[in-house]
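# Coordinate analysis (summary)
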Amino acid sequence: MLITGFPAGMFQTNCYIVAPEPGGEAVVIDPGQEAADKVAEILAEHDLTPVAVLLTHGHLDHTWNAADVCDAHGIPAYIHPADRPMLADPAVGLGSALGAMIGPLTFREPEKVIEFVDGEPIEVAGIRFDVDLAPGHTQGSVLLTTDVPVVDDAGQETSIKVCFSGDVLFAGSIGRTDLPGGNHRQLLESIESKLLVLPDQTQVLPGHGPQTSIGQERATNPFLTELGESSRQKGSRRL
């Protein structure tokens, strides 16, 4: 499987391109500010045809170029309905202070929008993504998790989970909760019930910053100490 990405725009938001292999279909995850040109470059480099844009949540730094990428290729954007209003009116999710930075800029939905359903997997570009609503950063934040084939140390084919976590969980941190729709306790509950139940080997590709793993965050993330020792140890016994 091909998974590549880059930080885009002033917010350095991670945009990802995911495909079963070069030369086929692909999905684009979170094309933020100034992402469109780099997305086009990567698609051309790997001879990929995009079939969907997947949005982990509605904040502008993750959706800025969604309409441009979608409409250029005639493809839909997927987003949870709770965050869909932010596509056309990003200020809804930013509050008055940050909303003022948008100034005279206008935004719109892509021509086609499909709404995620919590717990209902989607299959796009031949890839199955489990969709889990994980509110707290926004009310429509979702986790997108897929199984990636790998070869283990013994040469046996197996798979490992990869989770695109948006701004729910970062390496050493968690998403902010001081914007409209944010709730700190709810975010911790989402992390505990939706992420810490995953195997420690699960690779987490967040919306900002470097890649991490569930095991690494369980053991070292200082923001997760509120969840208690039993929750932090749950995944140590999982394969």
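You'll find the structure just up there.
Residues numbered from 1 in each chain as written. Predicted model: local features only at pLDDT ≥ 70, side-chain atom pairs only at ≥ 80, totals over all residues. Heavy atoms only, no water.

### Concerning the overall build of the protein chain
Scanning the protein chain from N- to C-terminus turns up 8 helices and 14 strands. In terms of overall dimensions, the protein chain is globule-like: its C-alpha atoms have a radius of gyration of 17 Å, near the 18 Å expected for 239 residues. A total of 239 residues make up the protein chain; the buried ones form 50% of that total. Sequence separation of 24 or more characterises 60% of the internal contacts of the protein chain that already satisfy a separation of 6 or more. Accessible surface, the protein chain: about 10500 Å² in total, of which carbon and sulfur atoms supply 49%. Taking the average place of the 14 positive charges on the side chains of the protein chain and the average place of its 33 negative ones, the gap between the two points comes to 8 Å. (Helix = DSSP H or I, 4+ residues; strand = E, 2+ residues; numbered from the N terminus. Rg over C-alpha atoms; globule rule 2.2 N^0.38 Å. Buried < 20%, exposed > 50% of the residue type's maximum accessible area, 1.4 Å probe, protein only. Contact = heavy atoms within 4.5 Å. Areas by Shrake-Rupley, 256 points an atom, 1.4 Å probe, with all protein chains shown as cover. Lys, Arg positive; Asp, Glu negative; His and termini not counted. Charge placed at Lys NZ, Arg CZ, Asp CG, Glu CD.)

### Some remarks on the environment of Leu188
Position of Leu188 relative to the elements: it lies in helix 6 (residues 184–195). For the pair Leu188 and Leu169, spaced 19 residues apart in sequence, the C-alpha separation works out to 9.6 Å. Non-local contacts of Leu188, meaning those with residues more than four positions away in its chain, are made with Ile174, Phe223, Leu224, Glu226 and Leu227.

### Some words on the state of the cysteines
The full count for this structure, using the stated rule, is 0 disulfides. In this structure Cys15 is a free cysteine whose sulfur lies 11 Å from that of Cys70, the closest cysteine sulfur available. (Disulfide = S-S within 2.5 Å.)

### A short note on empty space enclosed by the protein
In the structure shown here, the tally under the stated rule is 1 cavity of 30 Å³ or more. Reported here for the largest cavity is a volume of approximately 30 Å³. Asn14, Tyr16, Ile29, Asp30, Phe164, Ser165, Gly166, Leu205, Pro206 and Gly207 are the residues that line the largest cavity. Put simply, the parts of the chain that give the lining of the largest cavity at least two residues each are strand 2 (13–19), strand 10 (157–166) and strand 13 (203–206). Element by element, the count of residues in the lining of the largest cavity is highest for strand 10, at 3 residues. (1 Å grid on protein atoms, 1.4 Å probe; cavity = no way out; pocket = protein on both sides within 12 Å on 5 of 7 lines; lining within 4 Å. Points joined across faces, edges and corners; volume = space filled by probe spheres on them.)

### Focus: the packing of aromatic side chains
One pass over the full model with this rule turns up 4 aromatic pairs. Between Tyr78 and Phe116, the aromatic rings sit 5.7 Å apart at their centres with planes inclined by 35 degrees, giving tilted as the arrangement. Of this pair, Tyr78 sits in strand 5 (residues 77–79) while Phe116 sits in the loop between strand 6 (113–115) and strand 7 (122–124), and the two are 38 residues apart along the sequence. As far as the burial class goes, Tyr78 and Phe116 line up, both buried. (Phe/Tyr/Trp six-rings, centres within 6.5 Å; stacked < 30°, edge-to-face > 60°.)

### Structural notes on the layout of surface pockets
The calculated volume of the second largest pocket comes to roughly 170 Å³. Leu60, Thr63, Trp64, Asn65, Ala66, Ala67, Asp68, Leu87, Leu105, Thr106, Phe107 and Arg108 together form the lining of the second largest pocket. Secondary-structure elements contributing two or more residues to the lining of the second largest pocket are helix 2 (60–63) and helix 3 (66–73). Ranked by residues supplied to the lining of the second largest pocket, first place goes to helix 3 with 3 residues.

### Quick look at the sheet that holds strand 6
The strands that make up a sheet pair up through hydrogen bonds in the backbone, lying either parallel or antiparallel. In space, the 6 strands of this open sheet follow the order 1-2-3-4-5-6, with mixed pairing throughout. Each of the sheet's edge strands pairs with one partner strand only, and the pair in question is strand 1 (2–8) and strand 6. Averaged over all adjacent pairs, the angle separating strand axes in this sheet is 25 degrees, with direction ignored. Bridge count between strand 5 and strand 6: 3 bridges; the pairing is parallel. (Pairing = 2+ DSSP bridges. Axes fitted to C-alpha atoms, helices over the stretch in contact; angles between N-to-C directions.)

### Some remarks on the pairing of strand 2
Most of strand 2 is tucked away, with 7 of its 7 residues classed as buried. Residues of strand 2 alternate between two faces, with Thr13, Cys15, Ile17 and Ala19 on one and Asn14, Tyr16 and Val18 on the opposite face, all of them buried. Bridge count between strand 1 and strand 2: 7 bridges; the pairing is antiparallel. Looking at the pairing, Thr4 lines up with Ile17 of strand 2. In textbook terms, the turn of a hairpin is the stretch between consecutive antiparallel strands, and for strand 1 and strand 2 this stretch comprises 4 residues, one of which, Gly9, has a positive phi near 70 degrees. Relative to strand 3 (residues 25–29), strand 2 is paired through 3 bridges, and the arrangement is antiparallel. Within strand 3, the position partnered with Tyr16 by the bridge is Ile29. Connecting strand 2 to the next strand, strand 3, in antiparallel fashion are 5 residues, including Gly23 with a positive phi near 85 degrees.

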